[in-house]
Each structure stands twice: as C-alpha cells, then as structure tokens.
Amino acid sequence: MSVAIFDSPMHRHLFGDAEIGRLFSDTAEVRAMMLVLGTLAKVQGEAGVIPKVSGAFLHRAAMEVQIDPEGLGGANGVIIPALVTAFRKALDAPEHGQYLHWGATSQDIQDTGLMLRMRQVLSLIEERLKVALGHLADMAEAEADTSQVARTYGQAAVPSSFGAQVASWGWPVLRLLERLDGVRAQALAVSLSGAAGTSSQLGEDPAALREALAEALGLSDPGASWHSERSRIVELAQWLDSLCSCCGKVGTDILVGARSDVEELRLEGAGGSSTMPQKQNPVGPSVMVALARFAPAQTSILSAPHTEARDGAAWFAEWMALPQLAMAAARSAALMGETLQALSPDRAAMAARMEAGHGALHAEALSFALAGKLGRAEAQSEVKRLAREAAATGTSLPALVAAAHPDVALPDLSDLGQAPNEARAFAKAARAVL
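Computed from a predicted structure; not experimentally measured. (Residues numbered from 1 in each chain as written. Predicted model: local features only at pLDDT ≥ 70, side-chain atom pairs only at ≥ 80, totals over all residues. Heavy atoms only, no water.)

Draft legend 1. Structural detail: the overall build of the protein chain. Within the protein chain, the regular secondary structure consists of 17 helices and four strands. Whereas a compact globule of 434 residues would reach a radius of gyration of roughly 22 Å, the protein chain reaches 29 Å, over 25% beyond that. Based on the C-alpha atoms only, the size of the protein chain along its principal axes is roughly 100 × 50 × 35 Å. The burial tally for the protein chain puts 48% of its 434 residues in the buried class. Sequence separation of 24 or more characterises 76% of the internal contacts of the protein chain that already satisfy a separation of 6 or more. Carbon and sulfur atoms form 52% of the exposed surface of the protein chain, whose accessible area is close to 20,200 Å². Charged side chains of the protein chain number 36 positive and 48 negative; the gap between the two group centres comes to 2 Å. (Helix = DSSP H or I, 4+ residues; strand = E, 2+ residues; numbered from the N terminus. Rg over C-alpha atoms; globule rule 2.2 N^0.38 Å. Buried < 20%, exposed > 50% of the residue type's maximum accessible area, 1.4 Å probe, protein only. Contact = heavy atoms within 4.5 Å. Areas by Shrake-Rupley, 256 points an atom, 1.4 Å probe, with all protein chains shown as cover. Lys, Arg positive; Asp, Glu negative; His and termini not counted. Charge placed at Lys NZ, Arg CZ, Asp CG, Glu CD.)

Draft legend 2. How the structure looks around the packing of helix H8 (residues 162-187) against helix H10 (residues 231-257). As a packed pair, H8 and H10 sit with axes 10 Å apart at the nearest point and diverge in direction by 165°. What the angle tells us is that H8 and H10 run roughly antiparallel. Two packed elements cross with a definite hand, and for H8 against H10 that hand is left-handed. Between H8 and H10, the contacting residues are Gln165, Trp169, Pro172, Val173, Leu176, Arg179, Leu180, Gly182, Val183, Gln186 and Ala187 on the first element and Arg232, Glu235, Leu236, Gln238, Trp239, Ser242, Leu243, Cys246, Lys249, Val250, Asp253 and Ile254 on the second. Split into classes, the residues belonging to the contact of H8 with H10 amount to 13 nonpolar, five polar and five charged. (Axes fitted to C-alpha atoms, helices over the stretch in contact; angles between N-to-C directions. Parallel < 35°, antiparallel > 145°, perpendicular 65-115°, else oblique. Left-handed = near helix turned anticlockwise from the far one by under 90°. Nonpolar A, V, L, I, M, F, W, Y, C, P; charged D, E, K, R; others polar.)

Draft legend 3. Main features of the side chain of Gln44. On the secondary structure map, Gln44 appears in helix H3 (residues 26-47). Note on Gln44: relative accessible area 0%, which makes it buried. Discounting chain neighbours no more than four positions away, the residues touching Gln44 are Val49, Ile50, Tyr99, Trp102, Leu202 and Leu209.

Draft legend 4. Local environment of the pairing of strand S1 (residues 147-152). As paired elements, S1 and strand S2 (residues 155-161) share six bridges and run antiparallel to each other. By the bridge assignment for S2, Arg151 is matched with Ala156. (Pairing = 2+ DSSP bridges.)

Draft legend 5. Focus on the pattern of salt bridges. The final tally for this structure, using the stated rule, is 22 salt bridges. Put simply, Glu143 and Arg347 hold a salt bridge, and the shortest N to O gap is 2.5 Å. With Glu143 in the loop between helix H7 (106-142) and S1 and Arg347 in helix H13 (residues 347-355), this residue pair connects regions lying 204 residues apart in the sequence. Overall, Arg347 belongs to the partly exposed group, its relative accessible area being 47%. One salt bridge connects Lys249 with Asp253, and the closest N-O pair in it is separated by 2.8 Å. Separated by four residues within a single helix, Lys249 and Asp253 lie in helix H10, roughly one turn from each other. One continuous salt-bridge network, built from bridges that share partners, spans Glu126, Lys130, Asp181 and Arg184. (Salt bridge = Lys/Arg side-chain N within 4 Å of Asp/Glu carboxyl O.)

Draft legend 6. Main features of helix H14 (residues 363-374). All of the buried residues along H14 are Leu366, Ser367, Leu370, Ala371 and Leu374. Buried residues of H14, seen end-on, are gathered within an arc of 155° and therefore sit on one face of the element. In this structure, the buried residues of H14 make contact with helix H15 (376-393) and helix H16 (397-404). Phi turns positive, to about 90°, at Gly375, one or two residues after H14. (Arc of directions from axis to C-beta.)

Draft legend 7. Structural detail: the nonpolar core. Ile125, Leu129, Trp239 and Leu240 are the most contacted members of the largest nonpolar core, which totals 103 residues. Filtering out sequence-adjacent residues up to four positions away, Trp239 remains in contact with Leu122, Ile125, Leu129, Leu176, Arg179, Leu180 and Val183. Leu366, Leu374, Leu400 and Val401 belong to the second-largest nonpolar core, a separate cluster that totals 12 residues. (Core = buried A, V, L, I, M, F, W, Y, C linked by side-chain atoms within 4.5 Å.)

Draft legend 8. Inspection of the packing of H3 against H7 at higher detail. Where H3 meets H7, the closest approach of the two axes is 8 Å, and the angle between their N-to-C directions is 115°. The pairing of H3 with H7 is recorded here as roughly perpendicular in orientation. Between H3 and H7 the crossing geometry is right-handed. In contact with Ala28, Glu29, Ala32, Met33, Leu35, Val36, Leu37 and Leu40 of H3, H7 contributes Ile109, Gln110, Thr112, Gly113, Leu116 and Arg117.

Draft legend 9. A look at a negative patch on the surface. Side chains of Glu204, Asp205, Glu211 and Glu215 sit close together on the surface and give a patch of like negative charge. Considering the arrangement of structural elements, one finds Glu204 in the loop between H8 and helix H9 (206-217). Judged by its relative accessible area of 86%, Glu204 falls in the exposed class. (Patch = residues over 30% accessible without salt bridge, like charges linked within 9 Å, V, L, I, M, F, W, Y side chains within 5 Å.)

Functional significance is not addressed by these values, which are geometric in nature.
See the structure below:
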C-alpha cells in the first residue's frame, strides 16, 4: 500500500480521483504559479511599478515557457526561488527577467496559484453534487408514499416513508450548494502583500495592484494580507469536510438498509467476496463512510492557527492536508451520485417490516389516542403494559388497545404523518436549484 492511498495503483480506483489528482500534480502547480507570476508582471507593468514592456513580455512568456517541476525543490522549502531562477534562465532576457516576481513573496505566488486550482476543484465538485441532487430529487418524489419503519437508536420507532429518508440525505446537499457561492467569494482570494505582509516593495498603491491582480485572475480581493490569517483555508476545509460528512450519512444509512438481516435497500453492481460467493458487499457506501471519517483529521490540521507574520510549519502542513481533503470530498461527491443511481428500495421488505412486532410501531399513535380519556402519563403507561402483553402473547397491539378501550376511536394507522410531504417538499426545492 502506498503512503497516500489516493495515489496507490491498487487502491486509487476506490479512493482516488483522476481529475482532482491532475489539479494537484506538480505540473499543475507550476503552471498555476507561472500564470500568477505572468499576470502579476502584467498588472505591475500597467500600473507603472515595473516597465510596461517588461510586464507584457513576462506575461506572454508565462503562457509559453515550460518549466520541468523536477529539480525545483530543495533546501529553500518553497519552490518559488528555484522556479523564478528557471524561468529567468528560460527567458534569456535579463533586461525583462529582473522584474519577474517583483515585490511579492513566495507565499503570495503559491497561495494564489492554489486558489486558481481550488476554483477548478470546487467547480468539479459542484457538478457532481448536482448529479447526486438530481438522483435524490427523483427518488424522494417516487418514494414519497413508500412506507418504511423509521428507526431511532437502532430500534423501530414510528411509521415513515423512504422518500422522507431520502429527503434527509438531500437537504444537506442543497445547503452545501447554497453555501458554495459564498465560499468562493470569501475563500478564493489572491495573496499579494510581500515578505511580511507590509507590501513595502509593491509600489505606491499596493491595494490597487492587488485589486487589479484579483480582477485579472478572476479571484476575490481579500483587502489585506492573509499570510498567517488562514480563515479562507479554514472555510474551504469546513465546506469540504461538511460534504464528506453529508456523503458519509448517505453511506451509513445505505449500509444499514442493505444489511442481509434488513434487506430494505438493493445496490446493483456491489462488490464480491474472495471466499463467500453469496455476498454482495456495499463497497461504494463503505468508501463514503471511510472518507467521512478521514476528512475531520485533515480539517483539524488546516484549522490550526498560524503564528506571527508567516508560519512555515503550519503552511507546510496545509500542503499535506488540503489536497487530500479536496480529493476525499470530490471522490465522495462522485460516489454519492454513482451509489444513488445504483440504489433501489425493496418495497415488499419495507412493508413487511411495517407489519412486524405485533403492531408495536403504532404505540406512539395509540398512546396519544388514549390520552384524551386517560391523560398523557396514564395513557403511556397503559400502552406500555399492553405492548408487553402483545409481545408475550403474539397478539396485535392495536387489537389489544381496541379491546381494552372500546370507547376510544383509534387513529388511522396507515398515516405516515408529514413524511410524504417532507419528501415532496425536498424534491421541489432540489428541482428549483437544478
């Protein structure tokens, strides 16, 4: 097994994501930073911070020059010094090359390049979430009236509908999508404030320069240095973590519903066992749950405070944690869509479960029916007594209640409460977004 399971030739088909992997490759990182360097030179030239001709030359060259990531690392910790040296060498134009990376610091270039790549990451994830949302909307509406036992603490509680359970998976997806524009606006920002956040070598109007760079790159202007104020990274991490948690909830419920002693849910194309031919293992949901357990540790790393004006150790830790968290979130979103497409309810099994337990599922409704005659506390005690009798004798609880209290009108025990309406309300809200 590889150190990073996302890159393992054996396991990356389960946990990894090729599209996200390309965005976090060394080549993609170098290209993003080259774009930042070239765009910075262009806006500096237009602002008169460096000669305009040099700014235009460097901007054009950044689109054309190819730098091999191999050999850019080393004792400096950051790769910008080596990248700038390699870029200048490739230019062979010292009269222009001297203005490359003018007044900025390594963290400015690297963080801004990261945000360019995170913008693409979020776009990919958004597409996948919308695919999953479409499946959730269709399923919630189709199964709005499909009776299902609602369980609390692992025990049968009251009648509900499968559509309502699907809606409970879907509302968090809607909230994630609703939050996404705000995350983009706040988190995807340029960094441009120089060695220690003072912007001392960025010309007479560094704020205008930063704004121009933000506009040119299609990122937001943070309005200040964020070298050690990492709320933007934390906001990204929390959104990605929430996504993993959302998908993990879906996976957890599917694992329960697909258990061989429950069998209320079926998954097409489930995985097989090496020794037990009869098994169909719910691999996709299991991966979703595993990623949901993995994500919070990365978020914890990314939430640690940075010290002083810049913090190399905390920044290095971000390099390790954020790509893996982004990979986990993107894979979770893709898996949720794939899993939902392969998922179907076993309505007969759900209906049979509703009839099991000698009608104990209706205990709450029956106790409320008796409350008008006996009072709330005494009604609960009476139904508890009759529930024990039903379990001991195998007699239906509703029948025992009816016999003991013939003067009380019993409720419609086929009523699923607001569960069908909840399912349809979610489907309507989801379609409004889609």
